[in-house]
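Remarks on the overall topology
What follows is the residue order along each chain.
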Amino acid sequence: MSRTREVHDRIAPLLRDRAGFVTARNPANRLRDWIYFAQRYCAAASALEDTAETHLHPRIQLYGHAVECALKAYLIAKQQSIPRGNAGHDLINLA
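Residues numbered from 1 in each chain as written. Predicted model: local features only at pLDDT ≥ 70, side-chain atom pairs only at ≥ 80, totals over all residues. Heavy atoms only, no water.

Over the atoms, a rolling probe the size of a water molecule traces out where space has been left empty. When its volume is computed, the largest pocket comes out at roughly 150 Å³. Its residues placed into classes, the lining of the largest pocket shows 3 nonpolar, no polar and 4 charged. (1 Å grid on protein atoms, 1.4 Å probe; cavity = no way out; pocket = protein on both sides within 12 Å on 5 of 7 lines; lining within 4 Å. Points joined across faces, edges and corners; volume = space filled by probe spheres on them. Nonpolar A, V, L, I, M, F, W, Y, C, P; charged D, E, K, R; others polar.)

Contact geometry for helix 2 (residues 27-47) and helix 3 (residues 56-77): axes closest at 8 Å, N-to-C directions at 165°. One element, helix 2, and the other, helix 3, form an angle in the roughly antiparallel class. Regarding helix 2 and helix 3, the two cross each other, and that crossing is left-handed. Contact with helix 2, carried on its side by P27, R30, L31, W34, I35, F37, A38, Y41, C42, A44, A45 and S46, involves R59, L62, Y63, H65, A66, C69, A70, K72, A73, I76 and A77 of helix 3 and no other residues of that element. Of the residues assigned to the contact of helix 2 with helix 3, the class counts are 18 nonpolar, 2 polar and 3 charged. (Axes fitted to C-alpha atoms, helices over the stretch in contact; angles between N-to-C directions. Helix = DSSP H or I, 4+ residues; strand = E, 2+ residues; numbered from the N terminus. Parallel < 35°, antiparallel > 145°, perpendicular 65-115°, else oblique. Left-handed = near helix turned anticlockwise from the far one by under 90°. Contact = heavy atoms within 4.5 Å.)

Here's what the structure looks like:
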């Protein structure tokens, strides 16, 4: 038996039972999480900064993701729901 199959078989009962679990998340924790993610993505983008603009595209991607996280934090702070699917990643839609 492969190691992957062994792990799957061991956690299969948990996966079946997870639908019955109620995950009540505190909005304050969700807000803090989104702010943290936005800060971390900004820090990662800043770490790639150099004078030759060698990593310009990855930095743009990281800053874009930071903006997405910040918009989601704003929506949580205003007690609005975060759109699901592709709409949750569209910055114009989030704004």
